[in-house]
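Report on the structure
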Amino acid sequence: MLYVENSRGGDISVIDRKTHEVVRTIPLGQDDHPDDIVASSDGKTLYLNCLKPVSGHLTMDAASDNSEILAVSIETEKILWRKQFRGQVGHMIISPDNRYLYVALYDMYYLLRLDTRTQEVAYIPVHVMGGHGVRLSPDSRRLYLGSILFGEMNVIDLETDSVIQRLYFRDPVRPFDITADEQTAYVQTSWLHGFHVVDLKDGRTRKTIALPPLPPETPEPKIWPNTVDHGLVLTPDGRRMICVATTGGYVAIYSTPELDLIGTINVGVQPNWVITDKTGEIAYVSSRISNTISVISITEGREIKRIDVGDYPQRMWITG
């Protein structure tokens, strides 16, 4: 199954990956506006980090100082527990043993770690505010954290809870991915229509790749966070990379490490995130204005199906 969190709808769309149909919707709560979703590796529990809206604010997903993590049973679709904590959430990742959730925090110089067994919360100090994107190293000993406010990425040693490397960029860091050998990072930044290729050993940007040009009438993103592109992922074998052109309404597929453009595929309005299945043959792209999920054949370079989901879909997770 594919689980899609609908940030403004406050629910989860459940998609059968064989039929590409929404089979049901899991409600969360009137004041629960999820920003990310992950699942335990045994396929029993969904975890969502939710912004708590400001009462009476004109924008329904305006965030207060507190956030909440929800645990939802996949079998019963009931909420198992809630944990509220200080900080505005960014993206989230789960450890392979399902023990810990690591959550980027926007408004604090910390990374949040939550114990899924005890719901105990710990704050790991970092050098940036604006925590946004997160990735775990293949051995789960290091976490990479990008800042949506600062042009910086921190590499955190999770055994010592300390920052062991700082990578610097001209502009705020948006989605990124790292190679399995931790030699290279591919990084999107604000204002950039493309991505940077970064040597993780010395922290230097080796080159910047421009995505295919946007149409001349494409408006420049003048409002923070100045998003041109948002969403980038490597296939599990590391041989392909899918990049989301948010303002262009398409995804681009590149070979890696050659970085040859294989092709582009039109998707919905304002695509914002992309994931792949375990085979690396299928990608799923969420478009948050058209409220759709595009099912992409990476090998064929085409959209197989476009699925209507809930209000403002963003992050996704596959189980099974």
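See the structure above.
Residues numbered from 1 in each chain as written. Predicted model: local features only at pLDDT ≥ 70, side-chain atom pairs only at ≥ 80, totals over all residues. Heavy atoms only, no water.

For the rest of this paragraph, the subject is the overall build of the protein chain. Check the secondary structure of the protein chain and you find 0 helices and 28 strands. Relative to a compact globule of 320 residues, whose C-alpha radius of gyration would be 20 Å, the protein chain shows 18 Å and is just as compact. The principal-axis extent of the C-alpha atoms belonging to the protein chain is close to 45 × 45 × 40 Å. The buried share of the protein chain, taken over its 320 residues, is 58%. Restricting the contact set of the protein chain to residue pairs at least 6 apart, pairs at least 24 apart contribute 42%. When the accessible surface of the protein chain is totalled, it reaches about 13800 Å², and 48% of it is carbon and sulfur. Distance from the positive charge centre (32 side chains) to the negative charge centre (41 side chains) of the protein chain: 1 Å. (Helix = DSSP H or I, 4+ residues; strand = E, 2+ residues; numbered from the N terminus. Rg over C-alpha atoms; globule rule 2.2 N^0.38 Å. Buried < 20%, exposed > 50% of the residue type's maximum accessible area, 1.4 Å probe, protein only. Contact = heavy atoms within 4.5 Å. Areas by Shrake-Rupley, 256 points an atom, 1.4 Å probe, with all protein chains shown as cover. Lys, Arg positive; Asp, Glu negative; His and termini not counted. Charge placed at Lys NZ, Arg CZ, Asp CG, Glu CD.)

Attention now goes to the nonpolar core. Note on soluble globular proteins: their nonpolar side chains tend to be buried together. Judged by nonpolar contacts, the single largest core of 16 residues is most densely connected at Y47, I69, L101 and L112. Only β5 (45-53), β6 (63-73), β7 (79-86), β8 (89-94), β9 (100-105) and β10 (110-115) provide two or more residues apiece to this core. Not counting residues within four places of it along the chain, the set of residues in contact with L101 comprises V38, Y47, I69, M92, I93, I94, L112, R113, L114 and T116. Formed by 14 residues, the second largest nonpolar core is a distinct cluster that contains L211, L232, C243 and L259. (Core = buried A, V, L, I, M, F, W, Y, C linked by side-chain atoms within 4.5 Å.)

What follows deals with the layout of surface pockets. A probe as big as a water molecule, rolled over the atoms, marks out the empty space that is left. In this structure, the largest pocket spans a volume of roughly 1500 Å³. Residue lining of the largest pocket: 49 residues in total, with I93, R135, V233, T276 and W317 positioned closest to the centre. Of the residues belonging to the lining of the largest pocket, the class tally is 25 nonpolar, 16 polar and 8 charged. (1 Å grid on protein atoms, 1.4 Å probe; cavity = no way out; pocket = protein on both sides within 12 Å on 5 of 7 lines; lining within 4 Å. Points joined across faces, edges and corners; volume = space filled by probe spheres on them. Nonpolar A, V, L, I, M, F, W, Y, C, P; charged D, E, K, R; others polar.)

Before going further, it helps to examine the packing of aromatic side chains. Under the criterion given, the structure shown has 7 aromatic pairs. Their ring planes at 80 degrees and their centres at 5.4 Å tell us that F195 and Y254 sit as a pair that is edge-to-face. Highlighted residues: F195 in strand β18 (residues 194-199) and Y254 in strand β22 (residues 250-255), separated in sequence by 59 residues. Across the pair, Y254 and F195 agree in class, each one buried. Through a chain of ring-to-ring contacts, three or more aromatic side chains come together here, namely Y186, F195 and Y254. R315 extends its terminal NZ or CZ atom over the ring of W273, reaching a point 5.3 Å from the ring centre. (Phe/Tyr/Trp six-rings, centres within 6.5 Å; stacked < 30°, edge-to-face > 60°. Lys NZ or Arg CZ within 6 Å of the ring centre and 35° of its normal.)

Residues other than glycine predominantly adopt negative phi, and peptide bonds predominantly adopt the trans conformation. At the junction of W224 and P225, the peptide bond is cis and its omega measures out at 15 degrees in the coordinates. In the segment running from T256 into P257, the intervening peptide bond is cis, with an omega of 10 degrees. With respect to the helices and strands, the residue P257 is situated in the loop between β22 and β23 (261-266). Not every positive phi belongs to a glycine, and H20 is a case in point at roughly 60 degrees. By the element assignment, H20 lies in the loop between β2 (11-16) and β3 (21-27). Located in the positive-phi region is E77, a residue other than glycine, with phi close to 60 degrees. In this structure, E77 sits in the loop between β6 and β7. A relative accessible area of 24% means that E77 is categorised as partly exposed.

Time to look at the pattern of salt bridges. Taken as a whole and judged by the stated rule, the model has 18 salt bridges. For E21, the salt bridge is made with K305, and the minimal N-O distance between the two is 3.1 Å. Taken as a pair, E21 in strand β3 and K305 in strand β27 (residues 302-308) lie far apart in primary sequence, 284 residues in all. The salt bridge partner of R82 is D32, with a shortest N-O separation of 3.0 Å. With a gap of 50 residues between them, R82 in strand β7 and D32 in the loop between β3 and β4 (33-39) connect regions that are remote in the sequence. Among the charged side chains, a salt-bridge network with shared partners connects D32, E68 and R82. (Salt bridge = Lys/Arg side-chain N within 4 Å of Asp/Glu carboxyl O.)

Let's shift gears to the environment of L232. With respect to the helices, strands and loops of the structure, L232 is situated in strand β20 (residues 232-234). Between the C-alpha atom of L232 and that of F195, which follows or precedes it by 37 residues, the distance is 9.0 Å. Residues in contact with L232, not counting those within four places in the same chain, are R135, P175, F176, D177, Y186, Q188, F195, M241, I242, C243 and V274.

For the rest of this paragraph, the subject is the side chain of H91. With respect to the helices and strands, H91 occurs in strand β8. Ignoring anything within four residues of it in the chain, the contact list for H91 reads D35, D36, N49, Y102, V103, A104, H132, G133, V134, H230, W273 and R315.

All right, on to the sheet that holds β9 then. Strand order in the open sheet made by the 4 strands is β8-β9-β10-β11, with antiparallel pairing throughout. A single partner strand is all that each edge strand has here, and the edge strands are β8 and β11 (121-125). Averaged over all adjacent pairs, the angle separating strand axes in this sheet is 25 degrees, with direction ignored. (Pairing = 2+ DSSP bridges. Axes fitted to C-alpha atoms, helices over the stretch in contact; angles between N-to-C directions.)

Along the chain, N154 falls in strand β14 (residues 152-157). Among the polar contacts made by the side chain of N154, one reaches the main-chain amide nitrogen of H127 at a distance of 2.8 Å. Side-chain polar atoms of N154 contact the side chain of E152, separated by 2.8 Å. Among all residues touching N154, those that are not within four sequence positions of it are V126, H127, V128, L143, Y144, L145, V163, Q165 and R166. (Polar contact = N/O pair within 3.5 Å; in protein donor to acceptor, adjacent residues only side chain to side chain.)

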